[in-house]
Amino acid sequence: MPHDFMPGLAGVPAATSSISDVDGQRGILEYRGVRVETLCSESSYLETAYLLLFGHLPSPREFQQWTTDVTHHRRIKFRIIDLLKCLPESGHPMDALQAAVAALGMFYPGRNVKDVENNYWSTVRLVAKLPTIVAAWARLRHGDDPIVPRDDLEFSENFFYMLTESVAPPVWGEIFDDCLILHAEHTMNASTFTGLVTASTLADPYTVVASSIGALKGPLHGGANEEVVVMLREIGTPDKARLHVEHALRNKKKLMGFGHRVYKVKDPRATVLQELCRRLFKECGSSPLYEVALEVEAAAGATLNGKGIYPNVDFYSGIIYDKMGVDVDLFTPLFAMARVSGWLAHWLEQLRENKLFRPDQIYSGEHNRPYVPIDQR
Ligand code: ACO
């Protein structure tokens, strides 16, 4: 059969899905048909996760049950903590997270992915435990004890509590929750696709999520949020932004946090994140990084907007996390904590009509080469 090779599978559908939709020309992102901006103003991360996973907004009873289930599964086994303690503290938190999530599956050995009830509890555990693992690693690597989650705190409040041992101002919890909503799902991106390839072999969900975490880490995907803040710090002050951008683009360097395979206008999540930045600054004072970022956006726009390249979700998110005192290398793990609900929604959806991913290739090598013995080469 003849094939059209599409590098990076650009524009090639890999699934039929009703979970989310992106209009890359108009800058619209919907989860289950609901605009992401609406979810940020009206919903919470846990409710949005339910919407993604189960296809509808929960009734009060469903939401109560879901919240209780997730809240009661936040704790992690001491052996997972022991495992984290064994990892080098200089290691990247995404690697620690990936290792811990893969190991998590060993504690919950029900591997039959046709067992609907087991799948529900795996979903609950993964949504509940990723923040605990991220926070535990963040503390352990600095020699501090991990903090046990508090059932009386909401999802985002509890994460900050586990990170810092103090309860953050309510507005932080709200802003962080919105950040999680914005990162929860995004159609057939690289990490979701990776998870689906793994899932198509009927591997267990811990393995699926561990493989997605690996794909998210790279700087062309979720890892860009970290690189953006490193770049903004390097630039230092707004007056140096234009020179930096011009120099980078002249040397054919990509600007991290810009560009997207699907969006040809500004990523709607970047716009909401900017609003969240401004809300946070009103409460806690501004961030010099934001002023630099605005200048970078303006300077880059002159060259890149004509090519349909604008800030993406990774451009402004790190500024918020930085202002909240989160270490730069934890930014991508925060992304994973949110995106786990999207990954699992796709996993559950695919299980209903699974087919092993086994694409083709276009062979470009030789045929019938002779074998030359080693002493004659
Ligand atoms: N800075 C400068 N130029 C860019 C950028 C950028 N950030 N992104 C794309 N371009 C240019 C490329 O140099 C290329 O130019 P050319 O045609 O003159 O050679 C053209 O735009 C097409 O770029 P590709 O990388 O082929 O396009 P693709 O659709 O694969 O790009 C990607 C998507 C990988 C996200 C790209 O924009 C990029 O590398 N951005 C920087 C990394 C980043 O921010 N990643 C996060 C994306 S959002 C997410 O995953 C959560």
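Residues numbered from 1 in each chain as written. Predicted model: local features only at pLDDT ≥ 70, side-chain atom pairs only at ≥ 80, totals over all residues. Heavy atoms only, no water.

## A few points about the site of the ligand
This is how it is decided: Consider each residue's heavy atoms; a residue with any of them within 4 Å of a molecule or strand counts as near. Pairs of N or O atoms within 3.5 Å make up the polar contacts considered here, provided that, within protein, one atom can donate a hydrogen while the other can accept it, and that residues adjacent in sequence are counted only when both atoms are side-chain atoms. Areas reported as accessible are Shrake-Rupley estimates using a 1.4 Å probe. Residue values count occlusion only from the protein chains shown. Three classes are used, and their members are as follows: Ala, Val, Leu, Ile, Met, Phe, Trp, Tyr, Cys and Pro are nonpolar, Asp, Glu, Lys and Arg are charged, and the others, Gly among them, are polar.
Close to the ligand lie 20 residues, the nearest being H221, K254, L255, G257 and F258. In the model, an oxygen atom of the ligand is placed 2.8 Å from a nitrogen or oxygen of the G257 main chain. One nitrogen or oxygen atom from the main chain of F258 is found 2.8 Å from a nitrogen atom belonging to the ligand. Its free accessible area being 910 Å², the ligand has 68% of it covered by the protein chains. The class makeup of the residues in the shell around the ligand is 11 nonpolar, five polar and four charged.

## Here we look at the packing of helix 8 (residues 170-183) against helix 13 (residues 268-284)
Filter applied, for reference: Structural elements are reduced to axes, namely lines fitted to C-alpha atoms, with helices fitted over the stretch in contact, and the angle between N-to-C directions of any two is expressed from 0 to 180 degrees. A run of H or I in DSSP becomes a helix once it reaches four residues, and a run of E becomes a strand once it reaches two; helices and strands are each numbered from the N terminus. Reported orientations rely on four angle classes, namely roughly parallel under 35 degrees, roughly antiparallel over 145, roughly perpendicular from 65 to 115, and oblique for the rest. What makes two residues a contact is simply this: any of their non-hydrogen atoms within 4.5 Å.
Relative to each other, helix 8 and helix 13 sit at 170 degrees, their axes nearing to 10 Å. It follows that helix 8 is roughly antiparallel to helix 13 by the angle criterion. Between helix 8 and helix 13, the residues in contact are V171, W172, E174, I175, D178, C179, L182 and H183 and R269, V272, L273, L276, R279, L280, E283 and C284, respectively. For the contact of helix 8 with helix 13, the residue count by class is 10 nonpolar, one polar and five charged.

## Observations concerning the packing of helix 5 (residues 93-107) against helix 6 (residues 116-140)
Rules: Should the near helix be turned counterclockwise from the far one by less than a right angle, the crossing is left-handed, whereas a clockwise turn marks it as right-handed.
Following both chains from N to C, one finds helix 5 and helix 6 inclined at 135 degrees, their axes separated by 10 Å at the closest point. The angle between helix 5 and helix 6 places the two elements in the oblique class. Helix 6 is crossed by helix 5, and the crossing has right-handed handedness. In this structure, helix 5 contributes P93, A96, L97, A100, V101 and L104 to the contact, and helix 6 contributes L126, K129, L130, I133, V134 and W137. Taken together, the residues of the contact of helix 5 with helix 6 sort by class into 11 nonpolar, no polar and one charged.

## Overview of the domain arrangement of the protein chain
Applicable threshold: By convention here, the domain bounds are inherited from an automatic or database domain assignment. As a working definition, buried area equals the accessible area (1.4 Å probe) given up by two parts on being put together, with both sides summed. Take a side-chain nitrogen of Lys or Arg and a carboxyl oxygen of Asp or Glu: if they are within 4 Å of each other, that pair is a salt bridge.
We note that the domain assignment places domain 1 (43-220 + 339-352) and domain 2 (224-323) within the protein chain. With 14 residues of domain 1 at the interface, the matching set in domain 2 holds 19 residues. Interface of domain 1 and domain 2: buried area, both sides summed, is about 1,500 Å²; carbon and sulfur atoms make up 66% of it. Of all residues in domain 1, I175, L182 and H186 bury the most surface against domain 2, accounting for 36% of the area lost on that side. Between E174 and R279 there is a salt bridge; the shortest N-O distance is 2.5 Å. Here domain 1 is connected to domain 2 by four residue pairs in polar contact (both at pLDDT 80 or more). Here the side of domain 1 that touches domain 2 gets nine residues from one element, more than from any other, and that element is helix 8.

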